[in-house]
Amino acid sequence: MHHQNTDEHAYVQFFDAPVAPRHELLGGKCASLVTMTAAGMPVPPGFAITTAHYDAVLDRSGTAATIAAALTGLDPEDVTAVDAASARIRELICTAPVPADLREHVVSAYRALQGRFEQEVPVAVRSSATAEDLPDASFAGQQDTYLWVRGEESVLEHVRRCWASLYTSRAVLYRLRHGVPEEGLSMAVAVQKMVNARASGVALTLDPLTGDRSKITIDSSYGVGEMVVSGQVTPDNHVLDKVVLALVSETIGDKHAELVPDATSGQLVEREVEPERRRRRCLSDAELVAVARLAKRAERHYRCPQDVEWALDADLPPGEDLLLLQARPETVHSAAAGRPPAATALPAPSAPAAPAGTFDFSAVLRSSAAARG
């Protein structure tokens, strides 16, 4: 076993546990979630199943030795042999016996997470590889995200699928061709509450029309924020004074439709918003101020103007229901004003090899059916 760490956080670590994030234990994605949570950002709650857990499962079930044997002497030019080895290894990982005590760590964490809600909520299960900082980040399998997963058996199965994604043919070939050692390769997995957005939108820590840094601009609409981001609905638009958080101006948008999760299919569905709800703004005064405060906090943390995606979660109690889905530097007006984003700013999430600091929750919001492009 690579990790001799025996404390309670060695195998499972909640994002809000008072434990410093260790990249080698959490991988890039989970380390970012822990960092953001510790910075006071309201990240959707969840936990990491650490690399120590993955290592222990593989070592104690004897799978690690079998994997090493299957990889021995593989020729990167013999793609057929690599495909066969990859398929065999992934089958091994998906069927290896998980020792009862290790399984119990995950099951009890899942139950503790569900214990925060009145009824069982769906979760996202997301890969968080330790090798994400290599040039071709996607090779590590860190792209694997499963949405709307329900029930502990399904969670355990999808965790294994994340582990197995370390050994796709593409990942194995990449490591063979680039001389990346298999030793030390590991995978953490994030299990995180799906966002059940009753309202959502975007906040900018400046006025996009003028670049005025003394304002906060908030667009808000009903349901999941995809329709605001893609311009399918006309959201409410609010401009607030950044210092005193007083409303400077607002325009009520039509908000004719909303994307909401359909319980039976586990997908997002588009639904018409009834006229009475269209005519009124979708945020209360208190919620508006809370969104503005969240945007200010992100700006302080990253030390440059921010473009923040947020949502109000219908499953969480009032006052605790505002969640940060994504924070990234606002580039257009900052650059136009001759103020390029600070070096400490996050890269845009479209960057193919997103470093550990990138914080992108847009995938958590969307089921694959509603994904862009």
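Residues numbered from 1 in each chain as written. Predicted model: local features only at pLDDT ≥ 70, side-chain atom pairs only at ≥ 80, totals over all residues. Heavy atoms only, no water.

1. Digging into the overall build of the chain
The condition is simple: Secondary structure follows DSSP: runs of H or I at least 4 residues long count as helices, runs of E at least 2 residues long count as strands, and numbering of each begins at the N terminus. Only protein chains enter the accessibility calculation, which uses a 1.4 Å probe; a residue whose area is less than 20% of its type maximum is buried, one above 50% is exposed, and one in between is partly exposed. In what follows, residue pairs with any heavy atoms lying within 4.5 Å of each other are defined as contacts. Only the protein chains shown count as cover for residues, and all accessible areas are computed by the Shrake-Rupley method using a 1.4 Å probe.
Of the regular secondary structure elements, the chain holds twelve helices and 13 strands. Scored against the burial criterion, the 373 residues of the chain give a buried share of 53%. Contacts in the chain between residues far apart in sequence, at least 24 positions, make up 67% of those at least 6 positions apart. Of the roughly 16000 Å² that the chain leaves accessible, carbon and sulfur atoms contribute 53%.

2. What to know about the environment of Tyr222
Which entries qualify depends on this criterion: Polar contact is the term for a pair of N or O atoms within 3.5 Å; when the atoms are in protein, one must be able to donate a hydrogen and the other to accept it, and sequence-neighboring residues count only if both atoms are side-chain atoms.
Within the secondary structure, Tyr222 sits in strand β7 (residues 215-222). If sequence neighbours within four positions are ignored, Tyr222 has contacts with Arg198, Ala199, Lys255, Ala257, Glu258, Val273, Arg277, Arg280, Arg281 and Cys282. In this structure the side chain of Tyr222 is engaged in a polar contact, spanning 2.8 Å, whose partner is the backbone oxygen of Arg277.

3. Overview of the packing of aromatic side chains
Applied cut-off: Two aromatic rings, drawn from Phe, Tyr or Trp (for Trp, its six-membered ring), form a pair once their centres lie within 6.5 Å of each other, and the interplanar angle then sorts them: stacked below 30 degrees, edge-to-face above 60, tilted otherwise.
Under the definition given, this model contains two aromatic pairs. On the numbers, 5.3 Å between centres and 50° between planes, the contact of Phe14 with Phe47 is tilted. Of this pair, Phe14 sits in strand β1 (residues 12-14) while Phe47 is found in strand β2 (residues 46-49), placing the two residues 33 residues apart along the sequence. For Phe14, a relative accessible area of 16% corresponds to the buried category. Phe47 gets classed as buried once you look at its relative accessible area, which sits at 0%. Centroid distance Tyr54 to Trp163: 5.6 Å. Interplanar angle 70°. Geometry classified as edge-to-face. Remark: Trp163 occurs in helix α6 (residues 152-164) and Tyr54 occurs in helix α2 (residues 51-60); sequence separation between them is 109 residues.

4. Things to note about the nonpolar core
We apply this condition: What we call a nonpolar core is a set of buried Ala, Val, Leu, Ile, Met, Phe, Trp, Tyr and Cys residues that are connected through their side-chain atoms within 4.5 Å.
Among the nonpolar cores identified, the biggest contains 65 residues, and Phe47, Trp163 and Tyr167 are the most heavily contacted of them. Those residues in contact with Phe47, other than ones at most four positions away along the chain, are Val12, Gln13, Phe14, Phe15, Val106, Ala109, Tyr110, Leu113, Val189, Ala190 and Val191. Within the second largest apolar cluster, 34 residues are counted, among which are Met41, Leu245, Cys282 and Ala292.

5. What to know about the confidence of the model for the chain
What counts is decided by this rule: Per-residue confidence from the prediction method is given by pLDDT, with values spanning 0 to 100.
Residue-level pLDDT values for the chain average 84, and 83% of them are 70 or greater. Contacts from residues 1-6, a stretch scored under 50 in pLDDT, to residues over four places away or in other chains number 16 contacts.

6. Observations regarding the layout of surface pockets
Inclusion rule: Here a cavity is any set of points on a 1 Å grid over the protein atoms alone where a 1.4 Å probe fits but cannot get out, and a pocket is any open set with protein on both sides within 12 Å along at least 5 of 7 lines; a residue lines the site when it has an atom within 4 Å of a point. Grid points are joined across faces, edges and corners, and a volume is the space filled by probe spheres set on the points. Note that Gly is not counted as nonpolar here; it falls among the polar residues with everything else outside the nonpolar set of Ala, Val, Leu, Ile, Met, Phe, Trp, Tyr, Cys and Pro and the charged set of Asp, Glu, Lys and Arg.
The volume enclosed by the second largest pocket comes to roughly 490 Å³. In terms of lining residues, the second largest pocket is bounded by 25 residues, among which Pro42, Glu320, Asp321, Leu322 and Leu323 are the most central. Counting residues per element, the ones that place at least two in the lining of the second largest pocket are α10 (285-302) and β13 (322-329). Ranked by residues supplied to the lining of the second largest pocket, first place goes to α10 with six residues. Here the lining of the second largest pocket is composed, by residue class, of 15 nonpolar, three polar and seven charged.

7. Quick word on the packing of helix α4 (residues 79-95) against helix α7 (residues 169-178)
For clarity, the cut-off: Angles run from 0 to 180 degrees between N-to-C directions of axes, and those axes are lines fitted to C-alpha atoms, restricted for helices to the stretch in contact. We call two directions roughly parallel when the angle between them is under 35 degrees, roughly antiparallel when it is over 145, roughly perpendicular when it lies between 65 and 115, and oblique otherwise. Each crossing gets its hand from how the near helix is turned against the far one by less than a right angle, where anticlockwise is left-handed and clockwise is right-handed.
Put simply, α4 and α7 touch, their axes get as near as 9 Å, and they point 120° apart. What the angle tells us is that α4 and α7 run oblique. At the point where α4 passes α7, the crossing takes the right-handed sense. Contact residues: Val79, Val82, Asp83 and Ser86 in α4; Ser169, Val172, Leu173, Leu176 and Arg177 in α7. Here the contact of α4 with α7 is composed, by residue class, of five nonpolar, two polar and two charged.

8. What about unusual backbone geometry?
The phi dihedral of Trp148 is positive, around 60°, even though this residue is not glycine. Within the fold, Trp148 resides in strand β4 (residues 145-149). Relative accessible area serves as the criterion here: at 12%, Trp148 is assigned to the buried category. With phi around 60°, Leu245 is a residue other than glycine that occupies positive phi space. For Leu245, the position within the fold is in the loop between β8 (236-241) and β9 (247-251).

9. Some words on the sheet that holds β2
Condition: We call two strands paired when DSSP finds no fewer than two bridges between them.
Spatial strand order, β1-β2-β5-β3-β4: five strands in an open sheet with antiparallel pairing. The sheet terminates laterally at β1 and β4, the two strands that pair on one side only. Adjacent strand axes in the sheet meet at a mean angle of 20° when their direction is disregarded. As defined by bridge partners, β1 adjoins β2 across three bridges and the pair is classed as antiparallel. From the neighbouring strand, Val12 faces β2, where its bridge partner is Ile49. Packed on one face of the sheet, helix α1 (residues 23-38) meets β1, β2, β3 (123-129), β4 and β5 (187-193) and runs near 125° to β3.

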